[in-house]
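Take a look at the letters that make up each chain.
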Amino acid sequence: MSVPTPPANILAIESADPSDEVTQHVPEDSAAHRAMALLAQHRVITTPHLHRMLGPSKPRSGTSESLNALRGDKLISYAVLPRSRGTRLWFLTPRGAQVATLWPELRGRSVVPPGNATEASLRAPHTLAGVRAHLAFLDDARARGDEYGALDWVPEIAHRLPDTGGEDRLIADAVMHYTASSPRRLQYRSFVEIDRATMSSERLASKLISYARFHDYTPQPVGRRGLVRDQAAMLAWQRFYPRFPRILFILTGASSRTLQQRTEDLRAMTSEHPLVATLAAKVPLGAAVLEDLETHGPSGPVWMPLSGPAERRSWMEL
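Residues numbered from 1 in each chain as written. Predicted model: local features only at pLDDT ≥ 70, side-chain atom pairs only at ≥ 80, totals over all residues. Heavy atoms only, no water.

1. Side note on the pattern of salt bridges
At step 1: Overall, the coordinates contain 10 salt bridges when judged by the stated rule.
At step 2: Between Arg142 and Asp139 there is a salt bridge, with its nearest N and O atoms 3.9 Å apart. Highlighted residues: Arg142 and Asp139, both in helix H5 (residues 117-144), separated by three residues, approximately one helical turn.
At step 3: The exposure class assigned to Asp139 is partly exposed, which follows from its relative accessible area of 31%.
At step 4: Counted as one network, the salt bridges with shared partners bring together Arg43, Arg123 and Glu156. (Salt bridge = Lys/Arg side-chain N within 4 Å of Asp/Glu carboxyl O. Helix = DSSP H or I, 4+ residues; strand = E, 2+ residues; numbered from the N terminus. Buried < 20%, exposed > 50% of the residue type's maximum accessible area, 1.4 Å probe, protein only.)

2. Concerning the pairing of strand S10 (residues 285-289)
At step 1: Within S10, four of the five residues are buried, which leaves the element mostly enclosed by the surrounding structure.
At step 2: In the sheet, strand S9 (residues 246-251) pairs with S10 via five bridges, with the strands oriented parallel. What sits directly across from Phe249, in S10, is Ala287.
At step 3: As judged from the two bridges shared by S10 and strand S11 (residues 304-305), these two strands associate in the antiparallel manner. Its bridge partner being in S11, Gly286 is matched across the sheet by Pro305. (Pairing = 2+ DSSP bridges.)

3. A closer look at the packing of helix H2 (residues 47-54) against H5
At step 1: It is the contact of H2 with H5, at a shortest axis distance of 10 Å, that shows an interaxial angle of 30 degrees. Between H2 and H5, the angle falls in the class roughly parallel. Seen along the crossing, H2 lies across H5 with a hand that is left-handed. Every residue of H5 that contacts H2 at His49, Arg52 and Met53 is listed here: Leu128, Val131, Arg132, His134, Leu135, Leu138, Asp139 and Arg142.
At step 2: Of the residues belonging to the contact of H2 with H5, the class tally is five nonpolar, two polar and four charged. (Axes fitted to C-alpha atoms, helices over the stretch in contact; angles between N-to-C directions. Parallel < 35°, antiparallel > 145°, perpendicular 65-115°, else oblique. Left-handed = near helix turned anticlockwise from the far one by under 90°. Contact = heavy atoms within 4.5 Å. Nonpolar A, V, L, I, M, F, W, Y, C, P; charged D, E, K, R; others polar.)

4. Considerations on the environment of Ala172
At step 1: Of note, Ala172 is situated in strand S7 (residues 167-180).
At step 2: The exposure class of Ala172 is buried, given its relative accessible area of 0%.
At step 3: Every residue in contact with Ala172, bar those within four places of it in the chain, is listed here: Glu156, Ile157, Phe191, Val192, Glu193 and Tyr211.

5. A short note on unusual backbone geometry
At step 1: Residue Pro183 is bonded to the preceding Ser182 through a cis peptide linkage, with omega at 0 degrees.
At step 2: For Pro183, the location among the structural elements is in the loop between S7 and strand S8 (186-195).
At step 3: In the Ramachandran plot, Ala197 falls in the positive-phi region, its phi being about 60 degrees despite a non-glycine side chain.
At step 4: Considering the arrangement of structural elements, one finds Ala197 in the loop between S8 and helix H6 (201-216).

6. Considering the sheet that holds strand S4 (residues 76-80)
At step 1: One open sheet holds the three strands; their spatial order is S3-S5-S4, and the pairing between them is antiparallel. In the strand order of this sheet, the two ends are held by strand S3 (45-46) and S4, each with one partner.
At step 2: As paired elements, S4 and strand S5 (residues 88-92) share five bridges and run antiparallel to each other. Considered in S5, the bridge of Ser77 is made with Phe91.
At step 3: Its contacts with the sheet put H5 on S3, S4 and S5, and the angle it makes with S5 is roughly 105 degrees.

7. Observations concerning the confidence of the model for the protein
At step 1: Of all residues in the protein, 85% attain a pLDDT of 70 or more, and the chain-wide mean is 84.
At step 2: Across residues 1-24 the pLDDT falls below 50, and counting only partners more than four positions away or on other chains, this stretch makes 29 contacts in the model. (pLDDT = per-residue confidence, 0-100.)

8. Some points on the packing of aromatic side chains
At step 1: Tallied over the full model, the rule gives 15 aromatic pairs.
At step 2: Consider the rings of Tyr178 and Trp315, whose centres lie 5.1 Å apart with planes at 85 degrees: the pair is edge-to-face. Highlighted residues: Tyr178 in strand S7 and Trp315 in the segment after S11, separated in sequence by 137 residues. You'll find Tyr178 and Trp315 in the same group, each marked buried.
At step 3: Between Phe191 and Tyr241, the aromatic rings sit 5.6 Å apart at their centres with planes inclined by 85 degrees, giving edge-to-face as the arrangement. Of this pair, Phe191 sits in strand S8 while Tyr241 is found in the loop between H6 and S9, placing the two residues 50 residues apart along the sequence. For the pair shown, Phe191 and Tyr241 are each scored as buried.
At step 4: The cationic tip of Arg88 hangs over the ring face of Tyr78; the distance from NZ or CZ to the ring centre is 4.0 Å. (Phe/Tyr/Trp six-rings, centres within 6.5 Å; stacked < 30°, edge-to-face > 60°. Lys NZ or Arg CZ within 6 Å of the ring centre and 35° of its normal.)

This is the structure:
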């Protein structure tokens, strides 16, 4: 028996279980719809973080009601964060991911939810550090009147690299799309790297080499190498961005002294490696501590430029 086509502003969700004859609906632009879109994009988010993204001026009870309704429809599930007094960590179920993949705001983005509560909990520390950074920018943009929404932070963006050094992809922790409204309208794109001090400082700094390689990478057609007519080929990054995004390192998870030393190592890599030095001459590079972003806002003087004078400034002034 055929199923009637739903109205244009309604997305139908058919049960994967043939015995379930109930068809649920998630109205577009409802709190439930926006919550699912955010979970699809960020993978895992806590209830307080989701509420701040959806609209902190509204009662938090409304966010909880939307989440509980989606859980009742088996579109989302949750894990409880350890040592958090019951804070819920929400994520899409496979069924919810199948639905969200069809939505216009997620077109072209893969929706890969955690397989279960254990996987969601293991993913949480790094992902939630990124969510905290995103919320710092979101709160700051709201206060400044800038254009930056909850979906303008896109995690885990991969780009191909030249096949040298045993590495063929650059995966940014996030790409941020931000439009400042004053003193004049300017669009900013940024690659964001989240560092929780879980890797060596040398390995962190070496990410700058990968970005430098991507900056200079011109893909060559198969079977053609070094031909004169290929020298004018488009750089790989120009296929995705009007100009190369600035690169922001956001550090957390260690003492102030350790984070300062890691920032100094990033500056040393910038000055000592020829490819990175060339990149720094063309692309703004900076590092900041996550807790400073949350306290003073990203537009405050909390960013250390990775080249030039060691004077802290706004991320827009790098």
